[in-house]
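Here are the chains, one letter per residue:
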Amino acid sequence: MKSEKKRRTLIGGQALMEGVMMRGATAMAMAVRDDKGEIRLETQRLKGRRWYNRVPIVRGVVSFVSSLVTGVSTLMKSAEVSTPDEEMPGKSAMTFAVILGVVLAVGLFILLPGAITWLFERFCGLTNVLYISLIEGGLRLVIFIGYLFAVSLLKDIRRTFMYHGAEHRTINCYEKGLEMTVENVQRCSTRHNRCGTTFLFFVMVVSILIFALTNWAFSLMGAWGTKIYVKLGLRLALLPLVAGLSYELLRGLALLPDNRFTTILRAPGLALQRLTTYPPDDEMAEVALTSFMAVLKMDEDATIPTTAFTDVPLSALRAHLGRMLPETADPSEVDWILCEALGVKRGDVNRYASVNISVRDRCLDIAEKRKAAPLDYVLGHSEFYGLKVAVGSGVLIPRPETELLAERAIHAVGAGGRVLDLCCGSGCIALAVAENTTAEVTAADISETALGYARKNLADTAARVVQSDLFSALGGETFDVIVCNPPYIATAVIETLSPEVQAEPREALDGGADGLDVYRRLAAEYAEHLNPGGVLLLEIGYDQGESVPALFGGGRVYKDYAGNDRIVEVRKP
């Protein structure tokens with residue numbers, strides 16, 4: 001689904017080892033897939049804007065240093081999460097490797113081209129400042145591009161570049177106003193105007209201009225200006241200025257509208273991104289999306305707590321649970337599993353960005369048991385009419401449409417009266433009536449197993465529980481409201497139902513050859529037990545809106561939320 005206008009975001013990112021870091025206005029998040037295939041998330045709050053954030057060039061220098069420090073830190077953390085402990089080098093070894101990498105980068109891209117150019121000056125008699133600057137700048141670009149191409153051939157680096165592509169696609173997806181899903185992320189470009197690769201390209205270009213000016217200045221200084229240590233030392237000193245100017249150029253071009261001029265200026269950097277971004281797979285896109293959505297939510301809500309890598313992102317856990325459940329499971333079961341493990345109501349689940357390991361393990365345990373039994377049996381309870389109802393093997397699981405039957409019964413009984421819940425099963429209807437009226441409630445069922453649950457559910461009410469085959473054990477008792485959810489599925493149809501339904505007691509489902517056996521008995525007996533002006537309320541199958549009323553000589557039919565015939569109301573004159 002596309003929004004009406006393109007969205008702007010301050011969120012940027014960085015590829016990590018098997019992960020992605022996203023950084024917003026107030027928060028930063030790292031999502032990394034560990035060696036077990038699970039996504040792990042760590043978030044933190046950022047400090048507010050400082051004075052230097054408003055000073056051109058200075059903010060670029062600070063941003064460059066900050067990005068370097070943060071980048072190294074997050075890269076090392078991602079390595080700890082993604083790499084098994086036995087394969088993980090020590091922290092001191094990693095720190096040394098990072099420092100060595102920075103030193104080699106400065107030497108390779110800044111000092112080496114300058115040294116080679118100095119050799120041209122010294123031994124080839126090259127004195128033209130323009131030629132010297134062009135040779136040095138050309139060497140720097142060639143070395144830079146050659147280096148990117150060479151490292152992209154390495155398997156591990158290429159995977160990191162794929163995560164780089166996932167980062168870009170995710171940000172592009174948001175900025176285009178698309179719904180944030182893996183499918184939409186994968187439709188977006190792997191290139192982006194604010195990419196660090198483009199920044200490094202601008203560093204190369206700006207360094208050519210700055211160093212050309214220094215070459216010209218050196219030419220005015222005589223022999224002292226030709227000394228190599230003077231030239232290389234000054235280049236190192238000018239690096240902050242080069243970084244600051246490059247940052248302003250990158251920032252300015254990103255803010256400018258798309259037109260022919262900006263397209264030309266952006267083109268080289270975007271082209272170079274072909275070497276550092278590769279199309280990610282869906283799992284990589286899922287990691288980037290997890291990191292992005294965590295930052296987006298934290299930017300929007302300052303009350304969301306931070307998480308550590310020992311926590312599990314809720315979005316990742318949802319996806320994992322969805323894959324574990326049987327194909328016939330209702331998608332909402334994932335939410336109910338989370339509710340159970342977290343101990344919260346369903347509406348509060350989305351307040352959690354992540355959960356701890358113990359909650360994760362509890363969810364996985366429930367999902368594993370769900371493969372062999374309906375979820376309500378695994379949990380030991382169902383939600384019905386805002387109430388928690390105990391259920392288990394041997395009793396019918398309350399359905400959402402049966403809540404409409406309970407609501408009709410509550411409405412019919414009014415302030416008081418006597419109510420009979422026939423075929424009560426778990427006693428869910430009797431419980432709803434007892435909790436919402438002052439009526440005298442009786443719950444009756446033929447199954448001793450079902451009545452065990454009914455007694456448990458009605459223990460804190462004044463309701464009476466009776467074992468009875470319809471009216472057989474009720475003698476001459478009469479009631480103002482009789483409500484019944486009888487077995488009404490045709491015998492031949494039961495074998496075609498989902499495994500979840502077939503796991504429920506057959507006697508609570510099987511209504512005979514045409515599904516009407518119990519209704520026929522009720523039609524013959526109910527009048528003796530219903531007071532004048534009383535109401536008989538029956539749940540029916542979706543295709544029984546004509547056949548059931550006909551057995552009672554008429555009746556009003558009510559539909560359920562799906563528009564199917566679901567309740568028959570019969571009034572005694």
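All of the points below concern the structure found in this document. (Residues numbered from 1 in each chain as written. Predicted model: local features only at pLDDT ≥ 70, side-chain atom pairs only at ≥ 80, totals over all residues. Heavy atoms only, no water.)

## Description of the overall build of the protein
And then number 1: From N to C terminus, the protein includes 20 helices and 15 strands.
And then number 2: Looking at the protein as a whole, 47% of its 573 residues qualify as buried.
And then number 3: For the protein, restricting intrachain contacts to residue pairs at least 6 apart in sequence, the fraction spanning at least 24 positions comes to 65%.
And then number 4: Counting only carbon and sulfur atoms, one obtains 59% of the accessible surface of the protein, whose full area is about 28,100 Å². (Helix = DSSP H or I, 4+ residues; strand = E, 2+ residues; numbered from the N terminus. Buried < 20%, exposed > 50% of the residue type's maximum accessible area, 1.4 Å probe, protein only. Contact = heavy atoms within 4.5 Å. Areas by Shrake-Rupley, 256 points an atom, 1.4 Å probe, with all protein chains shown as cover.)

## Details of helix α4 (residues 155-175)
And then number 1: Under the 1.5 Å per step criterion, the end-to-end length of α4 is 31 Å for 21 residues, consistent within 8% with the ideal 30 Å.
And then number 2: A large share of α4 lies buried, amounting to 15 of its 21 residues.
And then number 3: In the stretch just after α4, Gly177 is the one whose phi turns positive, near 80°. (Expected span 1.5 Å × (residues − 1).)

## Observations regarding helix α11 (residues 333-342)
And then number 1: With eight of 10 residues buried, α11 lies mostly within the body of the structure.
And then number 2: Burial in α11 covers these residues: Glu333, Val334, Asp335, Ile337, Leu338, Cys339, Ala341 and Leu342.
And then number 3: Against the buried residues of α11 lie α10 (314-324), β6 (354-355), α12 (357-370) and α13 (375-379).
And then number 4: Positioned one or two residues after α11, Gly343 has a phi angle of 75°, which is positive.

## Some remarks on the packing of aromatic side chains
And then number 1: Counted by the stated rule, this structure contains four aromatic pairs.
And then number 2: Their ring planes at 50° and their centres at 6.2 Å tell us that Phe201 and Phe202 sit as a pair that is tilted.
And then number 3: When its relative accessible area of 15% is taken as the criterion, Phe201 is described as buried.
And then number 4: The ring of Tyr278 carries the charged tip of Arg158 above its face, separated from the ring centre by 3.9 Å.
And then number 5: Across the ring face of Tyr558, the terminal group of Arg408 is positioned such that the distance to the ring centre comes to 3.7 Å. (Phe/Tyr/Trp six-rings, centres within 6.5 Å; stacked < 30°, edge-to-face > 60°. Lys NZ or Arg CZ within 6 Å of the ring centre and 35° of its normal.)

## Description of the sheet that holds strand β9 (residues 418-422)
Backbone-to-backbone hydrogen bonds pair the strands of a sheet. The strands run either parallel or antiparallel.
And then number 1: Reading across from one edge, β11-β10-β9-β12-β13-β15-β14 is the order of the seven strands in this open sheet, with mixed pairing throughout. Strand pairing shows two members of the sheet lacking a second neighbour, β11 (464-467) and β14 (556-559), which therefore form its edges. On average, each strand axis in the sheet is tilted by 20° relative to the strand beside it, whichever way the strands run.
And then number 2: Pairing analysis gives four bridges linking β14 to strand β15 (residues 565-571), with the strands arranged antiparallel. Across the sheet, residue Lys559 finds its bridge partner in β15, namely Asp565.
And then number 3: Packed on one face of the sheet, helix α15 (residues 428-436) meets β9, β10 (440-445) and β12 (479-484) and runs near 175° to β10.
And then number 4: Those strands touched by helix α16 (residues 448-457) are β10 and β11, and its axis lies near 175° from that of β11. (Pairing = 2+ DSSP bridges. Axes fitted to C-alpha atoms, helices over the stretch in contact; angles between N-to-C directions.)

## Remarks on the layout of surface pockets
And then number 1: Looking at the second largest pocket, its volume works out to about 750 Å³.
And then number 2: Surrounding the second largest pocket, 27 residues form its lining, Asp330, Asp376, Ile397, Pro398 and Pro400 being those nearest its centre.
And then number 3: When residues of the lining of the second largest pocket are traced back to their parent elements, those giving at least two are α11, α13, β7 (381-384) and α18 (499-502).
And then number 4: Of the residues belonging to the lining of the second largest pocket, the class tally is 11 nonpolar, six polar and 10 charged. (1 Å grid on protein atoms, 1.4 Å probe; cavity = no way out; pocket = protein on both sides within 12 Å on 5 of 7 lines; lining within 4 Å. Points joined across faces, edges and corners; volume = space filled by probe spheres on them. Nonpolar A, V, L, I, M, F, W, Y, C, P; charged D, E, K, R; others polar.)

## Things to note about the pattern of salt bridges
And then number 1: Enumeration according to the criterion identifies 30 salt bridges in this entry.
And then number 2: Note that Arg360 is salt-bridged to Glu38, the shortest N-O span being 2.4 Å. With Arg360 in helix α12 and Glu38 in the loop between β3 (27-33) and β4 (39-45), the pair connects residues that are 322 residues apart, well separated along the chain. Exposure class is identical for Arg360 and Glu38. Each is buried.
And then number 3: For Arg399, the salt bridge identified is with Glu504, shortest N-O distance 2.7 Å. You can see Arg399 sitting in the loop between β8 (387-390) and α14 (402-413) and its partner Glu504 sitting in the loop between α18 and α19 (517-525), a full 105 residues away along the chain.
And then number 4: Relative accessible area serves as the criterion here: at 22%, Arg399 is assigned to the partly exposed category.
And then number 5: Among the ionic contacts, a cluster of salt bridges with common partners joins Glu340, Arg362, Asp365 and Lys369. (Salt bridge = Lys/Arg side-chain N within 4 Å of Asp/Glu carboxyl O.)

## Structural notes on the packing of α4 against helix α9 (residues 282-300)
And then number 1: Relative to each other, α4 and α9 sit at 50°, their axes nearing to 8 Å. When the axes of α4 and α9 are compared, the pair comes out oblique. Of the two elements, α4 crosses α9, and the hand of that crossing is right-handed. Contacts from Arg159, Met162, Tyr163, Ala166, Glu167, Thr170, Ile171 and Tyr174 of α4 reach α9 at Met284, Ala285, Val287, Ala288, Leu289, Phe292 and Leu296.
And then number 2: A per-class count over the contact of α4 with α9 returns 12 nonpolar, one polar and two charged. (Parallel < 35°, antiparallel > 145°, perpendicular 65-115°, else oblique. Left-handed = near helix turned anticlockwise from the far one by under 90°.)

## Some details on the sheet that holds strand β1 (residues 12-16)
And then number 1: Spatially, β1-β2-β3-β4 is the arrangement adopted by the four strands of the open sheet, whose pairing is antiparallel. The open sheet terminates on both sides in strands that have one partner only, identified here as β1 and β4. On average, each strand axis in the sheet is tilted by 15° relative to the strand beside it, whichever way the strands run.
And then number 2: Pairing between strand β2 (residues 19-23) and β3: five bridges, direction antiparallel.

## Some points on a nonpolar patch on the surface
And then number 1: A surface patch of nonpolar side chains, about 330 Å² in accessible area, is lined by Phe64, Val65, Leu68 and Val69.
And then number 2: Locating Leu68 in the fold gives a position in helix α1 (residues 58-82).
And then number 3: A relative accessible area of 39% means that Leu68 is categorised as partly exposed. (Patch = residues over 30% accessible without salt bridge, like charges linked within 9 Å, V, L, I, M, F, W, Y side chains within 5 Å.)

## Examining unusual backbone geometry
And then number 1: Of note in this structure, Ile57 is not a glycine but carries a positive phi near 70°.
And then number 2: Position of Ile57 among the secondary structure elements: in the loop between β4 and α1.
And then number 3: A positive phi angle is found at Leu470, which is not glycine, with a value near 55°.
And then number 4: Within the element layout of this structure, Leu470 appears in the loop between β11 and β12.
And then number 5: Residue classification places Leu470 among the buried residues on the basis of a relative accessible area of 5%.

## A closer look at the state of the cysteines
And then number 1: Considering all chains together, one arrives at zero disulfides under this definition.
And then number 2: Cys339 provides the cysteine sulfur closest to Cys363, a residue in no disulfide bond, and the two sulfurs are 9.7 Å apart.
And then number 3: In this structure Cys363 comes out as buried when scored by relative accessible area, which is 0%.
And then number 4: Counting only cysteine sulfurs, Cys424 is the nearest neighbor of Cys428, a cysteine outside any disulfide, at a range of 8.5 Å. (Disulfide = S-S within 2.5 Å.)

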